[in-house]
Amino acid sequence: MCLEGFFPFPPLLAELLTSNACWTARVTASNPNFFPRSAEGQSPRVLWIGCSNSRVPESVITDSKPGDIFTTWNIANQFHTDDLSSQCVLEFVINGLPNIEHVIVVGHTNCGGVKAALDAARDGIPVAPPLDRWLEPLVAHIKTLPDLPNQTLSNVVKENVKMQIENICSSDTIKSIKKTVYIHGWMYHLEQGHLEDLGFTWKVTPNRSEAGPAPGEIDPSSHWNEVFWWKR
């Protein structure tokens, strides 16, 4: 049923459309060819796997332009090994976008999804469905952390990022990779507006002829289950 004409147009939505028109005009004035070139295709160098949070817009906090970052979001920046959406994003980016060099998993402070998982693991507070199923792997992982009663939310956010990197590296796409890609873990600090490189990066390379991977790098055909963390 079409409701056109039954309700006044919401002022908030009118403001969004007006802001879009102003933004388009500013971009066109400074770079008349930006939108025509953008329509021709994309060539991002970064895949950003972030949390579905209104306070962490990757293009804004990195001062990037449309087309610079390929992005996927979900609750608590998860990469489930059985999630078709995540697997499709990774497959498309790695094998469909030739300029991709970096995959970044980005958590953030005061993450509600991670807090819900921590509360469930530590205090037995149930997570409401369907989030309970979505966060189940994270809850199980948190239960394995040492000194669970004293784990801080900030530390669990970091552990969550590390867990998702491990999940990415166990995917079929990464195990059969044909180019070198760096997989990083970052955390955005809401209180300061700063991005923190958490200091662990996985360099993934195609099958190498020499014996074994170099330090900090992995041969996905035979050593994909070994993790090499680089501390800066």
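- The name given to the protein chain in an unreviewed UniProt entry is Carbonic anhydrase, with Clathrus columnatus as the source organism.
- Regarding the protein chain, the relevant UniProt record gives this comment under Function (unreviewed entry): "Reversible hydration of carbon dioxide."

Details of the pattern of salt bridges
Moving on, step 1. All told, the structure shown has 5 salt bridges when counted by the stated rule.
Moving on, step 2. The salt bridge partner of Asp68 is Lys65, with a shortest N-O separation of 3.8 Å.
Moving on, step 3. Owing to a relative accessible area of 49%, Lys65 belongs among the partly exposed residues under this scheme.
Moving on, step 4. Two residues, Asp123 and Arg122, come together in a salt bridge whose shortest N-O distance is 3.7 Å.
Moving on, step 5. Exposure remark for Asp123: the relative accessible area of 47% places this residue in the partly exposed category.

Re the nonpolar core
Moving on, step 1. Core analysis: the largest hydrophobic core is formed by 44 residues, its most contacted members being Ile142, Ile168 and Ile183.
Moving on, step 2. Elements with a minimum of two residues in this core: β1 (46-51), α4 (84-96), β3 (102-108), α5 (112-123), α6 (131-142), α7 (153-169), β4 (181-189) and β5 (194-204).
Moving on, step 3. Among the elements that take part in this core, α7 stands out by supplying 7 residues, more than any other.
Moving on, step 4. Other than its neighbours up to four places away in sequence, Ile183 contacts Val103, Ile165, Ile168, Cys169, Ile174, Phe200, Thr201, Trp202 and Val204.
Moving on, step 5. Counting residues in each nonpolar core, the second largest holds 5 residues, with Val46, Trp48, Ile69 and Ile104 among its members.

So, the side chain of Glu58
Moving on, step 1. Relative to the helices and strands, Glu58 is located in helix α3 (residues 58-61).
Moving on, step 2. This buried residue, Glu58, is left without a salt bridge; Lys65 holds the nearest opposite charge, at 13 Å.
Moving on, step 3. A polar atom in the side chain of Glu58 sits 3.3 Å from the side chain of Ser59.
Moving on, step 4. A polar side-chain atom of Glu58 sits 3.2 Å from a polar atom in the side chain of Trp73.
Moving on, step 5. For Glu58, the contacting residues outside a window of four places in its chain are Trp48, Ile69, Thr71 and Trp73.

Quick word on unusual backbone geometry
As a rule of thumb, non-glycine residues mostly have phi less than zero, and peptide bonds are mostly trans rather than cis.
Moving on, step 1. Pro129 connects to Pro130 through a cis peptide bond whose omega is 0°.
Moving on, step 2. Topologically, Pro130 is positioned in the loop between α5 and α6.
Moving on, step 3. Here Ala76, not a glycine, exhibits a phi torsion of approximately 65°, which is positive.
Moving on, step 4. Within the secondary structure layout, Ala76 lies in the loop between β2 (69-74) and α4.
Moving on, step 5. We note that Asn77 has phi near 40°; this positive angle belongs to a residue other than glycine.
Moving on, step 6. Mapped onto the elements of the fold, Asn77 is located in the loop between β2 and α4.
Moving on, step 7. For Asn77, a relative accessible area of 1% corresponds to the buried category.

Remarks on the UniProt feature "binding site: Zn(2+)" (unreviewed entry) in the protein chain
Moving on, step 1. As annotated by UniProt and renumbered to match this structure, "binding site: Zn(2+)" (unreviewed entry) occupies Cys51, His108 and Cys111. A maximum C-alpha distance of 8.3 Å among these annotated residues, which run over 61 residues, shows that they cluster at one spot.
Moving on, step 2. Owing to a relative accessible area of 1%, His108 belongs among the buried residues under this scheme.
Moving on, step 3. Examined against the element boundaries, Cys111 turns out to sit in the loop between β3 and α5.
Moving on, step 4. Taking relative accessible area as the criterion, Cys111 reaches 1% and is therefore assigned buried.
Moving on, step 5. With residues up to four places along the chain from it excluded, the contact list for Cys111 reads Cys51, Ala76, Leu153 and Val157.

Overview of the layout of surface pockets
Moving on, step 1. The space that makes up the largest pocket amounts to roughly 160 Å³.
Moving on, step 2. Around the largest pocket sit Phe34, Arg37, Ser38, Gly41, Gln42, Ser43, Pro66, Gly67 and Asp68, which together line it.
Moving on, step 3. Looking at the lining of the largest pocket residue by residue, the classes come out as 2 nonpolar, 5 polar and 2 charged.

About the thresholds
Residues numbered from 1 in each chain as written. Predicted model: local features only at pLDDT ≥ 70, side-chain atom pairs only at ≥ 80, totals over all residues. Heavy atoms only, no water. UniProt positions renumbered as here; feature names shortened; annotations may be inferred. Salt bridge = Lys/Arg side-chain N within 4 Å of Asp/Glu carboxyl O. Buried < 20%, exposed > 50% of the residue type's maximum accessible area, 1.4 Å probe, protein only. Core = buried A, V, L, I, M, F, W, Y, C linked by side-chain atoms within 4.5 Å. Helix = DSSP H or I, 4+ residues; strand = E, 2+ residues; numbered from the N terminus. Contact = heavy atoms within 4.5 Å. Lys, Arg positive; Asp, Glu negative; His and termini not counted. Polar contact = N/O pair within 3.5 Å; in protein donor to acceptor, adjacent residues only side chain to side chain. 1 Å grid on protein atoms, 1.4 Å probe; cavity = no way out; pocket = protein on both sides within 12 Å on 5 of 7 lines; lining within 4 Å. Points joined across faces, edges and corners; volume = space filled by probe spheres on them. Nonpolar A, V, L, I, M, F, W, Y, C, P; charged D, E, K, R; others polar.

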